[in-house]
Amino acid sequence: MIKQGIINFFKNLKYFFTPLGTLALGLVFGLSVFIPGVVAATGDLARGVQTILSDTTVDFNALKGSLLTAVKALEWGDPLAAVRTMVSEKWLTETLNSCVGAFVGDTAAYSAAFKTVIGEFTHTLGVQLYAVIGFTALGMIAGYLLTRLLIRRNMAKRTLRTFILHALVDSLLTVALTGVCAWLATLWKPSIFLSVLFAVVFFGSVSLFEAFLIHGRGRVTFKEIVNFKNVMRLFATNLIILALSAALVAAVVFLVNVIVGIFVGIAFLEIGFIVIALNAEAYVKTVAENALPPQKQIPVKND
């Protein structure tokens with residue numbers, strides 16, 4: 001089982017560009033909304049500041065230069081942290097007051113107006129950011145579903161009837177186990193740790209049981225599939241695949257950078273989780289296919 005699971009993981013890495021492509025497509029759609037929105041919001045912010053300072057003799061070219069200097073001074077070694085800082089209302093307010101203060105001295109008379117236009121800017125930015133997140137999430141979900149479909153065809157293809165049966169059994173058992181774990185936690189808080197351990201073993205047993213019903217019933221015996229040894233093997237297989245996925249992500253981060261590592265790593269993790277979800281079915285299907293059919297007894301004619 002362990003060998004088969006690892007082989008399936010590496011074999012299905014050929015679908016790497018499927019989740020990566022849908023994720024990139026979702027991100028492109030999101031950025032197509034985000035970038036024009038940010039440009040428009042930045043223009044509104046600049047016009048708002050210019051209107052507020054219309055009664056002063058501020059050199060707006062010099063002000064723009066000082067703002068750019070403040071942006072460059074951020075820690076761009078960690079680009080995500082730098083962007084979070086740059087678009088925060090607090091940093092924008094403090095930086096604008098500081099830059100304007102170099103020209104007009106006391107900025108107390110303008111602080112309230114600055115806060116208003118900056119608040120409008122950050123609000124617009126937040127809305128645009130949610131659009132990026134939404135489209136990216138849709139791309140990720142679409143990639144997961146499509147990749148799962150492709151991998152399932154390789155590992156454990158099933159009919160519509162077996163799909164519905166699996167969904168019903170899995171839903172009922174998941175709800176039942178969640179309820180039992182929650183109930184035990186109310187009786188004795190440390191039981192949550194025992195519940196987690198029990199859940200790992202239980203779900204391994206359930207996965208093998210479901211796989212037996214779908215692929216092994218009538219071809220192999222129940223004890224041959226659902227036993228403690230197979231549950232532990234399944235757990236070890238899934239743990240190894242999860243570790244391999246994490247190692248590939250870490251390698252990309254080490255060789256390139258964190259942003260690329262996160263983006264590319266999503267594809268590795270999706271493939272890893274899909275293979276983990278299908279390991280039990282793939283194992284039982286293989287065992288069932290290799291099982292010898294029952295021998296038909298040939299009647300002996302008496303002379």
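Residues numbered from 1 in each chain as written. Predicted model: local features only at pLDDT ≥ 70, side-chain atom pairs only at ≥ 80, totals over all residues. Heavy atoms only, no water.

Caption draft 1: Quick peek at the overall build of the chain. Scanning the chain for helices and strands turns up eleven helices and zero strands. Each helix (α) and strand (β) of the chain, taken in turn from the N terminus, gives the series α-α-α-α-α-α-α-α-α-α-α. Across the 303 residues that make up the chain, the buried fraction comes to 36%. When contacts within the chain are restricted to residue pairs at least 6 apart in sequence, long-range pairs at least 24 apart make up 79% of them. Of the roughly 18,600 Å² of accessible surface on the chain, 70% is carried by carbon and sulfur atoms. (Helix = DSSP H or I, 4+ residues; strand = E, 2+ residues; numbered from the N terminus. Buried < 20%, exposed > 50% of the residue type's maximum accessible area, 1.4 Å probe, protein only. Contact = heavy atoms within 4.5 Å. Areas by Shrake-Rupley, 256 points an atom, 1.4 Å probe, with all protein chains shown as cover.)

Caption draft 2: Quick look at the packing of aromatic side chains. A full pass over the atoms with the stated rule returns six aromatic pairs. Ring centres 6.0 Å apart and planes at 75° place the aromatic pair Phe209 and Phe222 in the edge-to-face group. You can see Phe209 sitting in helix H8 (residues 191-216) and its partner Phe222 sitting in helix H9 (residues 222-225), a full 13 residues away along the chain. For Phe209, a relative accessible area of 32% gives the class partly exposed. Between Phe212 and Phe222 the ring centres are 5.6 Å apart and the planes differ by 80°, which places this aromatic pair in the edge-to-face class. Pair noted here: Phe212 is in helix H8 and Phe222 is in helix H9, with a separation of ten residues, a long-range link. An aromatic cluster is defined as three or more aromatic residues linked by ring pairs; in this entry it consists of Phe16, Phe17 and Phe268. (Phe/Tyr/Trp six-rings, centres within 6.5 Å; stacked < 30°, edge-to-face > 60°.)

Caption draft 3: Structural detail: the pattern of salt bridges. For the structure on display, the rule yields two salt bridges. Among the salt bridges present, the one from Asp44 reaches Arg47, with a minimum N-O distance of 2.5 Å. With Asp44 and Arg47 both in helix H2 (residues 17-52), this residue pair falls three residues apart, about one helical turn. Relative accessible area serves as the criterion here: at 47%, Asp44 is assigned to the partly exposed category. Here Arg152 ties to Glu281 by a salt bridge, and the two come within 3.3 Å at their closest N and O atoms. Placement of the pair is Arg152 in helix H6 (residues 108-155) and Glu281 in helix H11 (residues 258-290), with a sequence separation of 129 residues. For Arg152, a relative accessible area of 12% corresponds to the buried category. (Salt bridge = Lys/Arg side-chain N within 4 Å of Asp/Glu carboxyl O.)

Caption draft 4: Representation of the nonpolar core in the model. In terms of nonpolar packing, the biggest core is built from 22 residues, with Val49, Leu53 and Phe114 touching the most fellow members. Taken together, the elements giving at least two residues each to this core come down to H2, helix H5 (89-104) and H6. For this core, the leading source of residues is H6, giving seven residues. With near-sequence residues (within four places) excluded, Val49 lies in contact with Leu63, Leu96, Phe114 and Val117. Counting 20 residues, the second largest nonpolar core, distinct from the first, contains Phe9, Leu150, Ala267 and Phe268. (Core = buried A, V, L, I, M, F, W, Y, C linked by side-chain atoms within 4.5 Å.)

Caption draft 5: Representation of the side chain of Asn12. Summarising the element assignment, Asn12 is placed in the loop between helix H1 (2-11) and H2. Contact partners of Asn12, with chain neighbours within four places excluded, come to Ile151, Asn154, Met155, Ile271 and Val275.

Caption draft 6: Highlighting the packing of H1 against H11. Taken N-terminus to C-terminus, the directions of H1 and H11 make an angle of 135°; their axes are 9 Å apart at the nearest point. Classed by the angle they form, the pair H1 and H11 counts as oblique. For the element pair H1 and H11, the recorded crossing hand is right-handed. Contact residues: H1 offers Gln4, Gly5, Asn8 and Phe9, while H11 offers Phe268, Ile271, Gly272, Val275, Asn279, Ala282, Tyr283 and Thr286. Residue composition of the contact of H1 with H11, grouped by class: six nonpolar, six polar and no charged. (Axes fitted to C-alpha atoms, helices over the stretch in contact; angles between N-to-C directions. Parallel < 35°, antiparallel > 145°, perpendicular 65-115°, else oblique. Left-handed = near helix turned anticlockwise from the far one by under 90°. Nonpolar A, V, L, I, M, F, W, Y, C, P; charged D, E, K, R; others polar.)

Caption draft 7: Examining the environment of Asn238 more closely. As for its position among the elements, Asn238 is in helix H10 (residues 228-255). In this structure the C-alpha to C-alpha distance between Asn238 and Ile6, which are 232 residues apart in sequence, comes to 8.9 Å. The contact partners of Asn238, leaving out residues within four places of it in the chain, are Ile276 and Asn279. There is a polar contact of 2.9 Å between the side chain of Asn238 and the side chain of Asn279. (Polar contact = N/O pair within 3.5 Å; in protein donor to acceptor, adjacent residues only side chain to side chain.)

Geometric descriptors of this kind do not, in isolation, establish any biological role.
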